[in-house]
Amino acid sequence: MNIKKYVAYRLISSFFVLFGLSLLIFSLSRLVPGDPARLALGPMAPQWAVDKLRAQLHLDEPVYIQYIYWVTNVFRGDLGQSLVTRRGVFNDIFEFFPATFELVIFSVILSTSLAIILGVTSGKYANSLWDNIVRVTSYVGIAIPSFVWAIMSVFIFGYLLRWFPTLGRLSSGVVMPTKVTGLLLVDSLIAGRLGVFRDAFYHMILPGTSLVISRLAQEARITRASVVENLHKDYIMAARSFGIPERTITLKYLLKPSLIPTVAIMGMDIAGSMGGSFIVETIFNWPGLGRYGMSAMLSNDINAIVGVVMLIGVFFAFMNILVDLITAYLDPRIMMKLRGG
Amino acid sequence: MMSEMIVDIRDLYVNFNIYEGVTRVLNGVNFRVAKGEKVGLIGEAGCGKTTTVKSIMKILQMPPAEVMGGEIYLEGLDVLKMSQRDLQMMRRKTVSMIFQDPTAALNPVFKVGDQIGDIIKYNQLALGNKISKEEIHEKTVQVLKEVQMPDPERLMNSYPIQLSGGMRQRISIAMALVSATNLLIADEPGTNLDVTIQDQVLRLLGDLVEDRGTSIILISHALGAVKGLVDRVYVMYAGSMVEAANTEDLFSDPLHPYTKALFKAVPKLTGGGIPMGIPGRIPNYLSPPTGCRFNPRCSHAKPECRENAPPFYQVGDGHEVACYLYGGQ
Ligand SMILES: Nc1ncnc2c1ncn2[C@@H]1O[C@H](COP(=O)(O)OP(=O)(O)OP(=O)(O)O)[C@@H](O)[C@H]1O
Ligand SMILES: [Mg+2]
């Protein structure tokens, strides 16, 4: 089997996984008590209006019929209408996704680079003072959930120190750059507005760090463990015996094998950040998918819930495949297995 | 003779600090190799052969290892006091080692050509040459040809996992050859391979050092191979050398009770029979016996053997033995 075939195989199997996920989330969203139509229209709405909306949403039919309607529409690129925004869920997702994506990318770059630097330096100098500091800090980091970080950082860096803004993507009064990609950092550069770039960057710091701090700590720990394990391997001693400089040994011969387990969890972490953004975006009033999904849940906006969950599912499936490919690139033993089996 | 020593280890003591306590492994090792000399080092598993040769290149993992005493001279320079830079230069251009397990000594995630290439690059750098990618490639091909690997180009593009055990062994020999101008240390080359391939590997190694006039330290369990390849043999037991002699003398006239037992345990050399093994076991390094460490297993043990370790006694031309039985001669 070559790589292309492997990817095709993985795509097909992801399709089935997503199919299963859609069945599950769709049924759950319809079985949850409470009438979405009544919630959408409010307690004052006349009964006939509610009944009309129920009929429009096929809510009176059995769940499996509803599902068939839904699936048929999905293949037409229609995820149904949001009961809150009264627009297509697909449009909503399209609008809110870039803000989340930008935040996730920002935090992934931050956590990946920091996790590798911390993990490698503390593993290489295992049991040194530095290593102990990193280890203790990462235990704390892992133990504290991201919403606690979010609230603490709002209080300390936003309120007490006033270093960083705590709400939204831009300061009020700043005009959005022309939308090209939807990513403010990119769009502001395209528009040549460095002030906006700076403002957008500042706004990302607190939500970005809150989102990843516990994952960063976990990744640093895993990197450290695998560096410590590989540090005493014969091939490192052999490289040293040939007079290869210590820098090259660390950055090349030690780093690459040590990253394999880190990459495996990083992929899951990136996908997980999408889910993690629900609370963090709500706290920082970040106009992204997480906040959208959160309010959808609170108002029983069934189509929006299913749409957001499915998007996160697609993201997970995609990251899974990507991680496997990167792992195969890093580790020829796995590459052989892919090719061979 | 003295000034021509390439390796001169004097009274070396090395401990390992491990979880269970301190293991006193090397217990006063004396070991010398003259320029151009081919020396064998034999002894039971765990007697400290690898520890001895690793200390020559100062590549013991410290901790857990700790040098408790003694000196190691390499081409007249004290290895234990060498600067990091001098050590680096020595490793890049004069001495190198073939590790006991070639599979473990090759980095699994880099191509063979890449790994050899780096060794060539730093070897040339130490010699004062800045070398281009093409030249590195050329030299890699050349050194692979020297170890008789067919199709070097394809091999360079392989990862270790794609190669057979014999090929990996040859690759690690090739790597060591790059920078082994004056001394090559070979730690049980070919042990994990089947006998015919092991034979080929050893013969190849012998030819290579012969051609280059490189000194070699050959650690091996294959006594037959050692016999044919080296000029002199050291016998090691539980952390120190117990006997050293020219190859002929040692095999025809072993003196130390341990050497005798060792040869008896290997039937092929003495002419058939079933290997008896040596009664008893190598001592626990956490609490080794005092005096001669072989005394608990020795049928000739006397009270003095339990008190002080015997010195090396000269018996005949270049034949030395650390045993009180020969103290009177
Ligand atoms: N890194 C280490 N940590 C702890 N103990 C060690 C270490 N390296 C070697 N030792 C101990 O030192 C002793 C001698 O080991 P060494 O590898 O030198 O023996 P050897 O003669 O090469 O054996 P073999 O024939 O099995 O290769 C053993 O008891 C071993 O447990
Ligand atoms: Mg050994």
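Residues numbered from 1 in each chain as written. Chains lettered and ligands numbered in written order. Predicted model: local features only at pLDDT ≥ 70, side-chain atom pairs only at ≥ 80, totals over all residues. Heavy atoms only, no water.

## Looking at the overall build of chain B
The condition is simple: Numbering of helices and strands runs from the N terminus, with a helix taken as a DSSP run of H or I at least four residues long and a strand as a DSSP run of E at least two residues long. What the globule rule says is 2.2 Å times the number of residues to the power 0.38, and the radius of gyration is computed from C-alpha atoms. Contact between two residues is taken to exist if any of their heavy atoms lie within 4.5 Å; hydrogens are not considered. Here the accessible surface of atoms and residues is derived via Shrake-Rupley with a 1.4 Å probe, and residues count as covered only by protein chains that are part of the display. In this count, Lys and Arg are taken as positive residues and Asp and Glu as negative ones, while His and the chain termini are left out. By convention, charge coordinates are those of NZ in Lys, CZ in Arg, CG in Asp, or CD in Glu.
Of regular secondary structure, chain B possesses 13 helices and 12 strands. Its C-alpha atoms give chain B a radius of gyration of 20 Å, within 12% of the compact-globule value 20 Å for 329 residues. Principal axes of the C-alpha set define a box for chain B whose edges measure 65 × 45 × 45 Å. Once local pairs closer than 6 in sequence are excluded, the contacts in chain B between residues at least 24 apart make up 65%. On chain B, roughly 14,600 Å² of surface is accessible, and the fraction owed to carbon and sulfur atoms is 51%. Each charge sign in chain B was given a centre, from 34 positive and 36 negative side chains, and these centres are 4 Å apart.

## Looking at the interface of chain A and chain B
Where we set the bar: Should a side-chain nitrogen of Lys or Arg be within 4 Å of a carboxyl oxygen of Asp or Glu, the pair is scored as a salt bridge. Under this definition, polar contacts are N or O atom pairs within 3.5 Å; protein pairs additionally need one hydrogen-donor-capable and one acceptor-capable atom, and for neighbouring residues in sequence, both atoms have to be side-chain atoms. Amino acids are sorted into nonpolar (Ala, Val, Leu, Ile, Met, Phe, Trp, Tyr, Cys and Pro), charged (Asp, Glu, Lys and Arg) and polar (every other residue, Gly among them).
Facing the 23 residues of chain A at the interface are 29 residues of chain B. Between chain A and chain B we count two salt bridges in total. The closest approach of N and O atoms between Asp118 of chain B and Lys252 of chain A, which form a salt bridge, is 2.9 Å. Put simply, chain A and chain B have nine residue pairs in polar contact (both at pLDDT 80 or more) between them. Counting only elements with at least two residues in the side of chain A that touches chain B, the list comes to helix H10 (234–241), helix H11 (246–283) and helix H14 (332–340) of chain A. The residue inventory of the side of chain A that touches chain B, partitioned by class, reads 13 nonpolar, four polar and six charged.

## Thoughts on the pattern of salt bridges
Residue and element names in this part refer to chain A. Throughout the structure, instances matching the rule amount to 25 salt bridges over all chains. Residue Asp92 is joined to Arg87 by a salt bridge in which the shortest nitrogen-to-oxygen separation is 2.5 Å. Through salt bridges with shared partners, a single network forms among Asp35, Arg54 and Asp60.

## A few points about the state of the cysteines
Residues and elements named next belong to chain B. Applicable threshold: The definition used for a disulfide is geometric: two cysteine sulfur atoms within 2.5 Å. Partly exposed residues are those whose accessible area sits between 20% and 50% of the maximum for their type, while under 20% is buried and over 50% is exposed, using a 1.4 Å probe and protein chains only.
For the structure on display, the rule yields zero disulfides over all chains. With no disulfide partner, Cys292 has as its closest neighbouring cysteine sulfur the one in Cys305, 6.1 Å distant. No disulfide involves Cys298; its nearest neighbouring cysteine sulfur is the one of Cys323, lying 6.1 Å away. Among the residues examined, Cys298 registers a relative accessible area of 16% and is labelled buried.

## Details of the site of ligand 1
Residue and element names in this part refer to chain B. We count it as follows: Residues are classed as near a molecule or strand on a simple rule: at least one heavy atom within 4 Å of it.
Neighbouring ligand 1 are 15 residues; Gly46, Lys49, Thr50, Thr51 and Gln100 lie closest to it. Between an oxygen atom of ligand 1 and a main-chain N or O atom of Lys49, the distance comes to 2.8 Å. Protein burial of ligand 1: of its 640 Å² of free accessible surface, 66% is covered by the chains. The set of elements that each furnish at least two residues to the shell around ligand 1 consists of strand E1 (5–18) and helix H1 (49–57). Taken together, the residues of the shell around ligand 1 sort by class into seven nonpolar, six polar and two charged.

## Looking at the sheet that holds strand E3 (residues 38–42) of chain B
Residues and elements named next belong to chain B. The line we're drawing: Any two strands with at least two DSSP bridges between them are considered paired.
Taking strand neighbours across the sheet as the criterion, the eight strands line up as E6-E7-E8-E3-E9-E10-E12-E11 in an open arrangement whose pairing is mixed. Both edges of this open sheet fall to strand E6 (95–98) and strand E11 (313–314), since each of them pairs with a single strand only. Pairing of E3 with strand E9 (residues 232–237) involves four bridges; the strand directions are parallel. Across the sheet, residue Ile42 finds its bridge partner in E9, namely Val235.

## Some details on the nonpolar core
Under the convention used in this document: For the purposes of this section, nonpolar cores are sets of buried Ala, Val, Leu, Ile, Met, Phe, Trp, Tyr and Cys residues that join through side-chain atoms within 4.5 Å.
By size, the foremost hydrophobic cluster in this structure holds 118 residues, and its most contacted members are Val7, Phe31, Ile56, Ile171, Ile185 and Ile217 of chain B. Ignoring any residue separated from it by four or fewer positions in sequence, one finds Ile56 of chain B in contact with Val7, Ile9, Phe31, Ile72, Leu74, Val79, Met90, Ile185 and Ile217 of chain B. Of all hydrophobic cores here, the second largest spans 45 residues; its members include Val89, Leu185, Val196 and Phe315 of chain A.

## Some remarks on the coordination of the magnesium ion (ligand 2)
Residue and element names in this part refer to chain B. So the rule is basically this: As a rule, N, O and S atoms within 2.8 Å of a metal are its donors, except that Na, K and Ca use 3.2 Å; water is not among the atoms, so sites may look incomplete.
Coordination of the magnesium ion (ligand 2) by the protein involves Thr50 (OG1) and Gln100 (OE1), with metal-donor separations of 1.8 to 2.2 Å. Taken as a pair, Thr50 in helix H1 and Gln100 in the loop between E6 and helix H3 (102–105) lie far apart in primary sequence, 50 residues in all. Judged by relative accessible area, which is 33%, Gln100 ranks as partly exposed.

## Here's the deal with H11 of chain A
Residue and element names in this part refer to chain A. Quick note on the threshold: The span one expects for a helix is its residue count, reduced by one, times 1.5 Å. To get the bend at any residue, fit one axis to the seven residues that end at it and another to the seven that begin at it, then take the angle between the two axes.
Along its 38 residues, H11 runs just 45 Å from first to last C-alpha, ending more than 12% under the 56 Å computed at 1.5 Å per residue. Leu255 marks where H11 bends most, by close to 50 degrees; the proline Pro257 follows one to four residues later. Two residues or fewer past H11, Asn285 is found with a positive phi of approximately 50 degrees.

## Here we look at the environment of Gly190 of chain B
All names here are of chain B. Tracing the chain through its elements places Gly190 in the loop between strand E7 (183–187) and helix H8 (195–212). Residue Gly190 is classed as buried on the basis of its relative accessible area of 0%. Beyond its immediate stretch of four places on either side in the chain, Gly190 contacts Gln169 and Gln198.

## Structural notes on the packing of helix H7 (residues 146–160) of chain A against H11 of chain A
Residue and element names in this part refer to chain A. To keep it simple, the criterion reads: Interaxial angles span 0 to 180 degrees and are taken between N-to-C directions of axes, which are lines fitted to C-alpha atoms, for helices over the stretch in contact. Angle categories are assigned with fixed cut-offs, so that under 35 degrees is roughly parallel, over 145 is roughly antiparallel, 65 to 115 is roughly perpendicular, and the rest are oblique. Helix crossings fall into two classes, left-handed where the near helix is turned counterclockwise from the far one by less than a right angle and right-handed where it is turned clockwise.
Their axes nearest at 9 Å, the elements H7 and H11 cross at an angle of 20 degrees. With respect to their mutual orientation, H7 and H11 come out roughly parallel. In this structure, H7 meets H11 at a crossing whose hand is right-handed. Two secondary-structure elements touch here, H7 through Ser146, Phe147, Ala150, Ile151 and Val154 and H11 through Ile279, Val280 and Ile283. Split by residue class, the contact of H7 with H11 holds seven nonpolar, one polar and no charged.

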